[in-house]
Amino acid sequence: MSSAFPQNGFQSLGLGLSPCPNDTYIFHALLHGLVPAPAALKPHMADVEELNTLARRGQLEVTKISLGVVAEIMDSYALLSSGAALGWGCGPLVVARKKLSPQEWRNAIVAVPGMLTTANLLLTLHGGFQGVRREMLFSDVMPAVARGEADMGLVIHEGRFTYEKLGLTRVLDLGQWWESEFHLPLPLGTIAVRRDVPLPLARRVQGAITGSLAHANAHPEVSRQYVCAHAQEMTDSVTQAHIKTFVTNFSLDLGGEGRAAIEHLVGRAAELSGKKLPAEGLFLR
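Here the structure is a predicted model, which means the values were calculated and not measured. (Residues numbered from 1 in each chain as written. Predicted model: local features only at pLDDT ≥ 70, side-chain atom pairs only at ≥ 80, totals over all residues. Heavy atoms only, no water.)

Let's talk about the pattern of salt bridges
Then, number 1: Under the definition given, this model contains 9 salt bridges.
Then, number 2: Between D23 and K64 there is a salt bridge; the shortest N-O distance is 2.7 Å. Residue D23 is found in helix 1 (residues 21–31), and its partner K64 is found in strand 3 (residues 62–66); the two are separated by 41 residues along the sequence.
Then, number 3: One salt bridge connects R194 with E61, and the closest N-O pair in it is separated by 3.8 Å. Residue R194 is located in strand 11 (residues 186–194), and its partner E61 is located in the loop between helix 2 (48–57) and strand 3; the two are separated by 133 residues in the primary sequence. The same class applies to R194 as to E61, namely buried.
Then, number 4: Taken together, the shared-partner salt bridges connect E61, R194 and D196 into one network. (Salt bridge = Lys/Arg side-chain N within 4 Å of Asp/Glu carboxyl O. Helix = DSSP H or I, 4+ residues; strand = E, 2+ residues; numbered from the N terminus. Buried < 20%, exposed > 50% of the residue type's maximum accessible area, 1.4 Å probe, protein only.)

Side note on the nonpolar core
Then, number 1: In terms of nonpolar packing, the biggest core is built from 53 residues, with V94, M152 and I262 touching the most fellow members.
Then, number 2: In terms of residue count, the dominant contributor to this core is helix 13 (residues 255–273) (6 residues).
Then, number 3: Leave out the neighbours within four places in its chain, and I262 touches L67, L79, L86, P187, L254, L282 and F283. (Core = buried A, V, L, I, M, F, W, Y, C linked by side-chain atoms within 4.5 Å. Contact = heavy atoms within 4.5 Å.)

A closer look at the UniProt feature "active site" (unreviewed entry) in the chain
Then, number 1: In this structure's numbering, the residues bearing the UniProt feature "active site" (unreviewed entry) are H157.
Then, number 2: Looking at the element boundaries, H157 is found in the loop between strand 9 (152–155) and helix 7 (159–162).
Then, number 3: Classification of H157 by relative accessible area gives buried; the value is 16%.
Then, number 4: Those residues in contact with H157 that lie beyond four places of it in its chain are C20, V48, F138, H242 and F246. (UniProt positions renumbered as here; feature names shortened; annotations may be inferred.)

Description of helix 5 (residues 118–126)
Then, number 1: Counting buried positions over the 9 residues of helix 5 gives 7, a clear majority of the element.
Then, number 2: Looking at helix 5, one finds that the buried residues are T118, A119, N120, L121, L122, L123 and L125.
Then, number 3: Positive phi appears at G127, one or two residues downstream of helix 5, with a value of about 90 degrees.

Quick word on the sheet that holds strand 8 (residues 133–135)
Hydrogen bonds between backbone atoms are what pair the strands of a sheet, whose relative direction is either parallel or antiparallel.
Then, number 1: Ordered in space as 8-7-9-6-10, the 5 strands form an open sheet in which the pairing is mixed. Looking along the sheet, the strands with just one partner apiece sit at the ends: strand 8 and strand 10 (169–173). Across the sheet, the axes of successive neighbouring strands diverge by a mean angle of 30 degrees, strand direction being ignored.
Then, number 2: Here 3 bridges tie strand 7 (residues 110–112) to strand 8, and the two strands are oriented parallel to one another. Bridge assignment links V112 to a residue of strand 8, and that residue is E135. (Pairing = 2+ DSSP bridges. Axes fitted to C-alpha atoms, helices over the stretch in contact; angles between N-to-C directions.)

Following this line, the structure appears as structure tokens:
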């Protein structure tokens, strides 16, 4: 695996993950020595848009990223088959203070949780939203809409379970749109490994993530305190709904269907930016 990034000897690996329950659930066992680690891991926990930005700079050897950034970094990172957020009925929502017609969507000001997020890519691919997009932290999107600072908001993560508490209404489910348009599960996030990481080590990373998730599935109570500590503003019911929605069988292994979904979404994104998929493919060999 070649790369423009300097090698670090790979005695340790930077590992980017978000504080969202799906990530903390998946990585708990690996980060707490409950399954063997492929190398010393240096976790970097941050909002996924920060992780996307770090991936553009090549700063982490292994990291969670949005599918929205893959077209920009695919020459430098390969995607793993384990750890993904991908499934059915898990898409981002467009919300507003009241129902708006498709004609009103076109020029609406939309608060978005990052320009590199999969949600923002889906909004672009939909084609019905041509107005100004205001970028902000995902947790600020719904309050901004509720205060009237944006006409609409693009909601990700646990927001799909809590938007009604702020008096907001769902205008569009982008996951439903994707599924009806392309008849594929929706890929939201994936784990990527830098292409300069030696292939045997990269494969061990992939296997370790699979093992970590398998441990979590077998012993869900073990990770509960860790997950809840990083999901401080969520109730237990929302946290569990989040995990159920975003951790699926595809998270253990993408399989053919998951890979096809990712290739289709990244292919569409690459077309938008005039890029070509790498000759070696998107995925770790």
